[in-house]
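Below are the chains, spelled out letter by letter.
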Amino acid sequence: MSQSKKTGSVPINERHIETRLMHLGRNPSENYGFVNPPLYRGSTILFPSVERVKAKDQEYTYGRRGSPTVRALENAITELEYGAHTASTSSGLSSCTTTLLAFTRSGGHILVADSVYQPVRRISEHILKRFGVEITYYDPFVGAGIADLIKDNTQIVYTETPGSQTFEMQDLPAIADATHEKNRDIVVIADNTWASPLYYNPLKLGADIVIHAGTKYFGGHSDINLGTITTNEARAEQLRLTHGDMGQNPGPEDAQLCLRGLRTLAIRLEQHWRSGLEIANWLSERPEVARVLHPAREDHPGHDIWKRDFTGAGGLFSIVLNPCSDAAVAAMLDGLDLFGMGASWGGYESLALPFDPGAYRTATEWKAEGPAIRFFIGLENVDDLKADLDAGFARLRATG
Ligand SMILES: Cc1ncc(COP(=O)(O)O)c(C=O)c1O
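Residue positions are given per chain, counting from 1 as you read along its sequence in written order. Totals for whole chains, interfaces and linings use all residues, but because this is a predicted model, local features are given only for residues with pLDDT of at least 70 and pairs of side-chain atoms are given and counted only at 80 or more.

(A) A look at the packing of helix H3 (residues 68–80) against helix H9 (residues 252–263). Helix axes are fitted only over the stretch in contact, all axes being lines through C-alpha atoms; the angle between N-to-C directions runs from 0 to 180 degrees. Elements are defined by DSSP. Helices are runs of H or I of four residues or more, strands are runs of E of two residues or more, and each kind is numbered from the N terminus. Taken N-terminus to C-terminus, the directions of H3 and H9 make an angle of 35°; their axes are 8 Å apart at the nearest point. In the packing of H3 onto H9, the handedness of the crossing is left-handed. Of the residues in H9, those touching H3 at Thr69, Val70, Ala72, Leu73 and Ala76 are Pro252, Ala255, Gln256, Cys258, Leu259 and Leu262. Residues were grouped as follows: Ala, Val, Leu, Ile, Met, Phe, Trp, Tyr, Cys and Pro as nonpolar; Asp, Glu, Lys and Arg as charged; and all remaining residues, including Gly, as polar. A class-by-class count of the residues in the contact of H3 with H9 yields nine nonpolar, two polar and no charged. Should the near helix be turned anticlockwise from the far one by less than a right angle, the crossing is termed left-handed; should it be turned clockwise, right-handed. We call two residues in contact when the distance between their C-beta atoms, placed using the backbone, is within 7 Å.

Here it is, written out as structure tokens:
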């Protein structure tokens, strides 16, 4: 069940993305005309006979192993990412963990971008190392130079573009080509949460696996936790096995909300992108701001990669302030009316969060003029957001 039954002269998967998003993962003619797929809850799923139990050919066998609600979402993501198979899990992070466990073996070695979403480092250090997997963190600007870091036992190259918090752009085609030229069995993974499949398709650029924290843009309302893992054909079976063995699955309500979020994804993302870039440009003119880290700005390191490989940007970016005290940053952020302060992003409201990657990076050095803040620009009016930030900068200056 991947699309509406109605077919005109143009197949639905050849239509524009905004149109495809309205049809993915639903088939009203199978559901009494109801526009949205129904919510299937459940653990036990009955078999009609011993013969069918033994045949193991029933599409749904146990709640944890999938339901029409969850499958509808997975099929939609498979189509959006041009993949062969999608597995969904209870969070973005559990998708990262499941993928890392699916494609590493004891005695192996993995390469992880130094700018990666930080909990991926924790999985690597706390779980993979216990099973004898060696980890090398690499400079995200490595490009084809990744070849020099590949060892005989390398099993995974883990990428995230742009990097979490600091927005380093990775040259995925160069990394994937160089990796696969050395050894086709190495699995190239791409976390694509920042851009969504609307603005970046890693499988088309040489990755084997794409991960999304559906918690962010897919859900779009800060009310679910969910992750997806999409593979090419070659990696599908191994992912299916590990995903099933680990008992990973999202709750049906979260899957349904995630699928619902996809219907408005294109229009939300475009607004996040437009407002985000406007605020980023406005911030770049502020005397309190030393640098803006936004891949769609010409002054951003790796902007040429964004222009070549991406078709949009969303609303997440960071700034580095000119030197000021922690108390000044706190005065600015604590008093903001419209910006929330909290983990995650991709919902409708704007967020601001201080961060310091210097504490945990190991392959590269984080050099910053002053404290850094990550912004997520939501769907509010940008003039209201600027006024809120303007008052915040006044508090920052007053505190020093
Ligand atoms: C890039 C990226 N990947 C994965 C995750 C993990 O997602 P979740 O919070 O759903 O576990 C996050 C969360 O912030 C993220 O920013």
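What follows continues from the structure just given.
(B) A look at the sheet that holds strand E4 (residues 154–160). Should DSSP find at least two bridges between two strands, the strands are taken to pair. One open sheet holds the seven strands; their spatial order is E1-E7-E6-E5-E4-E2-E3, and the pairing between them is mixed. Pairing within the sheet leaves two strands with one partner each, and these edge strands are strand E1 (85–89) and strand E3 (134–138). On average, each strand axis in the sheet is tilted by 20° relative to the strand beside it, whichever way the strands run. Of the strand pairs in this sheet, E1 and strand E7 (residues 227–231) are connected by five bridges, and their pairing is antiparallel.

(C) Molecular detail of the domain arrangement of the protein chain. All domain edges in this entry derive from an automatic or database-based domain assignment. Taken domain by domain, the protein chain comprises domain 1 (12–263) and domain 2 (266–399). Contacts between domain 1 and domain 2 engage 30 residues on the former and 32 residues on the latter. Its residues placed into classes, the side of domain 1 that touches domain 2 shows 15 nonpolar, eight polar and seven charged.

(D) Representation of helix H8 (residues 233–246) in the model. Look at H8: 21 Å from first C-alpha to last across 14 residues, which is about the 20 Å you get at 1.5 Å a residue. Turning to H8, its buried residues number three or more, namely Arg235, Leu239 and His243. In the core, the buried residues of H8 are packed alongside E1, helix H4 (92–102), strand E5 (187–191), strand E6 (209–213) and E7. Residue count minus one, scaled by 1.5 Å, sets the expected span of a helix. Here a residue counts as buried when 20 or more other C-beta atoms fall within 10 Å of its C-beta, as exposed when 12 or fewer do, and as partly exposed in between; the C-beta atoms come from the backbone.

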